[in-house]
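Topology and contacts: notes
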Amino acid sequence: MNEFLSLLIALCVAAITYGTPLLFGTLGEILTEKSGSLNLGVEGIMFMGGAIGLGGVFYFEKAAGAGASGYAAVLVGIVCAFLAGALASLIFSFLTITLRANQNVTGLALSIFGTGIGQFIGEYMRVTEGGYISISNRLAGFFQNSPLPGFLRKIPLVGEILFGNSIFFYLGILTAAAMYWYLGRTRSGLHLRSVGESPATADAAGINVTRYKYLAAVIGGGISAIGGMVYIMTIAGCVWNHEGLSGEGWLAVALVIFCLWRPLSAIWGSVLFGALMILYLRLVLPVIPTQLYKILPYVVTVVVLIASSMRNNKEKQPPASLGLSYFREDR
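The text that follows walks through the structure, step by step, so that each part is easy to find. From a predicted model like this one, the values you see are computed outputs, not experimental measurements.

Focus on unusual backbone geometry
Positive phi, close to 60°, is recorded for R100, a residue that is not glycine. With respect to the helices and strands, the residue R100 is situated in the loop between α3 (70–98) and α4 (103–129). Phi is positive for W261, which is not a glycine, with a value near 60°. By secondary structure assignment, the location of W261 is in the loop between α12 (248–258) and α13 (265–282).

See below:
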């Protein structure tokens with residue numbers, strides 16, 4: 001029984017670790033899609049966030065020396081990743097909102113573009129520095145270890161699960177809670193949701209549709225990019241790996257559907273997806289190929305999508321104008 005509990009606790013901790021990057025990627029895409037914009041470039045955005053976030057921390061430590069502040073390094077990583085994702089999403093917004101380009105095609109192009117940019121920047125830093133791009137173990141501890149007091153982790157059963165995670169998991173929970181409050185409890189959030197449901201009606205009511213779409217896409221892209229940085233700084237061990245982020249962005253897009261565009265549901269949904277991602281290492285069954293384990297998140301998403309469609313519940317459907325360009329002259 002003790003061995004079983006140890007395995008279960010280890011699985012839960014690993015699920016949270018692997019789910020945290022997905023949580024940021026999903027929250028960013030939820031905010032974007034709530035405004036009616038469908039950004040399929042999350043994969044590329046997370047690649048850019050991972051490479052530029054790691055680069056920002058690496059050069060920060062190089063400039064500050066051995067006495068570099070760990071919490072300042074965390075802030076630098078967040079800011080660099082956010083700006084990278086915001087810039088990529090600004091390009092997406094200009095093409096799809098101002099120029100009214102097809103959102104699906106533009107998102108796929110951004111995914112390819114962002115992946116290439118991220119890999120180029122990562123490899124350029126590696127070649128320039130003459131080796132792997134990584135940070136010191138002391139600084140890495142601020143990214144990977146829990147910021148909470150050690151005695152909390154000693155609480156039986158739940159201590160390690162609830163209090164033994166990186167600082168980003170708790171920041172992700174706060175972000176989800178803030179997004180839930182913003183979308184459901186503020187006038188600005190109501191305006192944003194109305195833009196996503198019916199931009200013509202929102203425009204007639206005096207709401208600046210273009211501004212809300214731009215802000216949602218840019219801020220959402222920045223949040224998603226933080227997820228890429230979190231993956232590199234926690235799961236990848238603060239070392240650039242040009243293949244490490246492959247598939248994370250697509251899982252985040254699938255998770256948006258799975259959690260039915262609800263920020264709070266993204267918390268437990270990301271942990272569940274994290275468990276499904278790591279299951280092939282924790283629950284090895286010789287009769288089940290590894291590839292089948294890895295498609296489990298997508299299978300679960302399809303099942304949830306079919307179930308929600310059959311119920312025909314408006315609250316479980318995407319924003320009505322999702323993926324559609326708004327032509328004001330057609331109002």
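Some details on the environment of G222
Inspection of the secondary structure assignment puts G222 in helix α11 (residues 209–235). On a C-alpha basis, the gap between G222 and L296 in space is 28 Å, while along the polypeptide they are 74 residues apart. Excluding anything up to four places from it in sequence, G222 contacts A81, F82, G85 and A86.

A short note on helix α1 (residues 2–34)
If you check α1, its first and last C-alpha atoms are 45 Å apart, about what 33 residues at 1.5 Å a residue would give, namely 48 Å. The largest bend in α1 is about 35°, located at G19, with the proline P21 one to four residues further on. Positive phi appears at G36, one or two residues downstream of α1, with a value of about 95°.

A short note on the pattern of salt bridges
Counting across every chain of the model gives two salt bridges. Among the salt bridges present, the one from K62 reaches E129, with a minimum N-O distance of 3.0 Å. A residue pair is termed long-range when its members are at least 10 positions apart, and K62 in helix α2 (residues 42–64) and E129 in helix α4 qualify at 67 residues. Owing to a relative accessible area of 53%, K62 belongs among the exposed residues under this scheme.

Brief notes about a nonpolar patch on the surface
A cluster of nonpolar side chains, contributed by L108, W250, I288, L292, I295, Y298, V299 and V303, occupies part of the molecular surface with about 650 Å² of accessible area. Per element, the largest residue contribution to the nonpolar patch is three residues, and it comes from helix α15 (residues 296–311). Tracing the backbone through its elements, the reader meets Y298 in helix α15.

What to know about the packing of aromatic side chains
Scanning the entire structure with this criterion turns up seven aromatic pairs. Between the aromatic rings of F143 and F168, the centroid separation amounts to 6.0 Å while the plane-to-plane angle is 25°, which identifies the pairing as stacked. Here F143 is found in helix α5 (residues 137–144), whereas its partner F168 is found in helix α8 (residues 167–185), with 25 residues between them in sequence. Look at F258 and F273: their rings are 5.2 Å apart centre to centre, the planes differ by 55°, and that puts the pair in the tilted class. Here the residue F258 occupies a position in helix α12, and F273 occupies one in helix α13, the gap between them amounting to 15 residues. In this pair, the class of F258 matches that of F273, namely buried. Taken together through their ring pairs, the aromatic side chains of F258, W268 and F273 make up a single cluster.

Rules used throughout
Residues numbered from 1 in each chain as written. Predicted model: local features only at pLDDT ≥ 70, side-chain atom pairs only at ≥ 80, totals over all residues. Heavy atoms only, no water. Helix = DSSP H or I, 4+ residues; strand = E, 2+ residues; numbered from the N terminus. Contact = heavy atoms within 4.5 Å. Expected span 1.5 Å × (residues − 1). Bend = angle between axes of the 7 residues up to and from the residue. Salt bridge = Lys/Arg side-chain N within 4 Å of Asp/Glu carboxyl O. Buried < 20%, exposed > 50% of the residue type's maximum accessible area, 1.4 Å probe, protein only. Patch = residues over 30% accessible without salt bridge, like charges linked within 9 Å, V, L, I, M, F, W, Y side chains within 5 Å. Areas by Shrake-Rupley, 256 points an atom, 1.4 Å probe, with all protein chains shown as cover. Phe/Tyr/Trp six-rings, centres within 6.5 Å; stacked < 30°, edge-to-face > 60°.

Taken by themselves, the reported measurements are silent on function.
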